[in-house]
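Chains, contacts and geometry: an overview
Residue-level listing of the chains:
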Amino acid sequence: MIRITDILDKITDYHPEADLDIVERAYVYTARVHAGQVRLSGEPYLSHPLEVAGILADMKLDTTSIAAGLLHDVIEDTHATVDQIGELFGPEVLHIVSGVTKLSSLSFHSSRARQAESLRKMILAMADDIRVILIKLADRLHNMRTLQFHKSGKQRQIARETLDIYAPIAARLGIYWIKNELEETSFKFFQPDEYSRIKILVAKSRPEREKYMETVRGRIQKKMDEAGLQAEVLGRNKNYYSIYNKMVSQNLPFEEIYDIIAFRIILDSISHCYEALGLIHSMWKPIDHKFKDYIARPKPNMYQSLHTTVIGPFGERIEIQIRTWEMDRVAQSGIAAHWSYKEGRRIDENISKKFAWIQDLVDNQKNFLDPGEFLENVRIDLFQDEVYVFTPRGEIKTLPRGAIAVDFAYMIHSEVGNQCTGAKVNGQLVPLTYELQTGDIVEVITSANHHPSKDWLKNVKTVKARSKIRHWIKTQEKERSTSLGREMLEKAFRKEKLNFNTLAKSEKMAEVGTHFGFKAVDDLVANVGYGKITPLQVVRRFAPRQEPEEGQASIFNKIVGRVVRKKRLKAGVLVRGVDDILIKFGKCCQPVPGDPIIGYITQGYGVTIHRTTCVNALRMNPERQIEVEWNQEITETYPVKIRIISHDRVGLLADVVGSISKHGANILNATSETSENKMVDSFFTIGVEDVSHLEKILSAVKKVKLVQEVKRVG
């Protein structure tokens, strides 16, 4: 366990004049209020705030931030009060601690809603005071370092959330050492079999790789020395999660991942960086499309570097980064390297402008109430890789890679986006789906009577364009659904000899709307049209079904009742607030128990269940989305398609089939094809009970001799 003296020494090293009193007082107070509490590891609870403060000191933050780090759990987990913190440590520390506490105390009816609200609050916290999120990242980092003390189910849940939320935020803030550690630890607990496999593969090739690294590093260093450049040349291995992601995204076996090793050249000035780049390109042939100049065009998190990939001395690809010492410091610390909260200094306004994307993130996410849509859009914002294009007047606009002309139109103005009919790029007419490239000069063509197309949603990449198109579509669909819903309700009410139009103006109808969670009667009517609420559900609030007395129930009703109850129990998925509804499973993603799921209403066809990450589901109208959950009482088998890539050998398929059958899975379909290079590509559709059952099967098949890769399809 780190000691308070170690933390104070760290602060003194980077800020000799720092006032350490507030840190020492925060430590004493924290130790007193957490006295007697222990963590799952058996260590005193005090070890956690101390470790968090140590991580903040590693980020070289100010003493106010470190004091807040020591106090970050006291309001939530002890008898300490808000008034006490404010009185003892001042309004600034209280503001930060309260912000961190708000991020922790979240409770929602579904993990998806909780995750969405957690992320929403973090975005607001970043805009309000960046130190809140820095403490939260340090808190999560230490929790990940002690994740082994949780049960396996909890480990997977925390690891998944870390990969989805915390690692991307760390990357967007430019704090890559935290991002890398969060990803690596999460990978270890979320996909332990894949982690172990890549770890073994990397270990096998380590001696040969280290020898190669030293050879290439020596050649680069010699070239720099000959040119009179003072440079430090470093070689590094990529982390396991990066390797795994590249294998999955590019569908490559481990042996074909060329850039497991990367090299970094650190120099004294920007001019030396470009000189070093020229020297590298004179040594080895560069790959043109792999060159990126992040010095001239820094990333929004202020990361700067020259990236190039060359054909190395042995015909292999080498990835090289070239940067100054200051750029290297920023690359490691990100926002923490620039956000000047040091005592006696003002916040640098230029730095604040560079992080204006945080406020943009807040503005973009204000109107997304649906958790799934919100999470999808924030991930787009957090994971984006940029292209830089110009308006006809020469203004630079930054867009995510893959953005089209429609994205550019909406970036100019919402009305320009809504009315765009075409675009000119570099003076030439292009379709609206044209994918923009860095350096393009873009001019939008508009027409006053034009409207957005639903098809645009398939191609746009920016959150702003997506949200504006959906808003327009939603408005049109609401008008149609309101008309349809009113018609359906009038018909249903007539059957009960009731007048819907008269009752629609009554207080009773307003109460019914509130019962179903709607503020206005029109919203209730529209949702009947959408299919989220049935007309019968509304009618029953006015004319309840008359149940026969127990003694008068007919034999027929008793039999029917038993059949209905039995039928309901068979449903593997429960639809929130709706009974007796047809359930189908999306063939595109084949969800199984354990997968996060969402339902989509299709008029006349019930509810289709998709995995929350399914591409098709993300494209659907969020108005037709409905909360669903797995029925824990039901044990069924569900079809899942898996792909197996292996080297050919005698008895291969028999061993694969035996491995699947051994784990109690029925094979519903199988196809296999052997290519000229003796690689076998097989697809199996198998029946599994849940995600855990599937993972056991995948793990078992991976152990079959000469099997290279096994993965779920869809």
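A brief structural summary. (Residues numbered from 1 in each chain as written. Predicted model: local features only at pLDDT ≥ 70, side-chain atom pairs only at ≥ 80, totals over all residues. Heavy atoms only, no water.)

**What to know about the sheet that holds strand E18 (residues 666-674)**
Spatial strand order, E18-E19-E17-E20: four strands in an open sheet with antiparallel pairing. Two strands close off the open sheet at either side, each with one partner strand: E18 and strand E20 (707-712). Strand-to-strand twist across the sheet, computed as the mean angle between neighbouring axes with direction ignored, equals 15°. The sheet contact formed by E18 and strand E19 (residues 679-688) spans eight bridges and is antiparallel. Across the sheet, residue Ile667 finds its bridge partner in E19, namely Ile686. (Pairing = 2+ DSSP bridges. Helix = DSSP H or I, 4+ residues; strand = E, 2+ residues; numbered from the N terminus. Axes fitted to C-alpha atoms, helices over the stretch in contact; angles between N-to-C directions.)

**Digging into the pairing of strand E17 (residues 638-647)**
Counting buried positions over the ten residues of E17 gives seven, a clear majority of the element. Pairing geometry for E17 and E19, over ten bridges, is antiparallel. Note that in E19 the partner of Ile644 across the bridge is Ser682. As paired strands, E17 and E20 are joined by five bridges and run antiparallel to one another. Across the sheet, the residue bridging to Arg643 is Lys711, located in E20. (Buried < 20%, exposed > 50% of the residue type's maximum accessible area, 1.4 Å probe, protein only.)

**Some details on the packing of aromatic side chains**
Using the criterion set out here, one finds 13 aromatic pairs in the structure. Look at Tyr29 and Phe89: their rings are 5.7 Å apart centre to centre, the planes differ by 75°, and that puts the pair in the edge-to-face class. Of this pair, Tyr29 sits in helix H2 (residues 21-33) while Phe89 sits in helix H6 (residues 82-104), placing them 60 residues apart in sequence. Since its relative accessible area comes to 8%, Phe89 is described here as buried. When the ring of Phe493 is compared with that of Phe500, the centres are 5.3 Å apart and the planes differ by 70°; the resulting orientation is edge-to-face. Each member of the pair Phe493 and Phe500 is classed as buried. Among the aromatic residues, ring-to-ring pairing joins Phe187, Tyr195, Tyr240, Tyr241 and Tyr244 into one connected group. Geometry around Phe542 places Lys508 over its ring, the cationic atom sitting 5.9 Å from the centre. (Phe/Tyr/Trp six-rings, centres within 6.5 Å; stacked < 30°, edge-to-face > 60°. Lys NZ or Arg CZ within 6 Å of the ring centre and 35° of its normal.)

**Observations regarding the sheet that holds strand E2 (residues 261-267)**
With respect to topology, five strands assemble into an open sheet ordered E1-E2-E5-E4-E3, the strand pairing being mixed. In the strand order of this sheet, the two ends are held by strand E1 (232-237) and strand E3 (292-293), each with one partner. Bridge count between strand E4 (residues 306-311) and strand E5 (residues 317-324): six bridges; the pairing is antiparallel. Residue pairing for E5: Thr309 is matched across the bridge by Glu319. Of the strands in this sheet, E1, E2 and E5 touch helix H12 (residues 206-226), which is tilted by about 160° from E1. Lying over the sheet, helix H15 (residues 325-333) contacts E1, E2 and E5, oriented at roughly 105° with respect to E5. (Contact = heavy atoms within 4.5 Å.)

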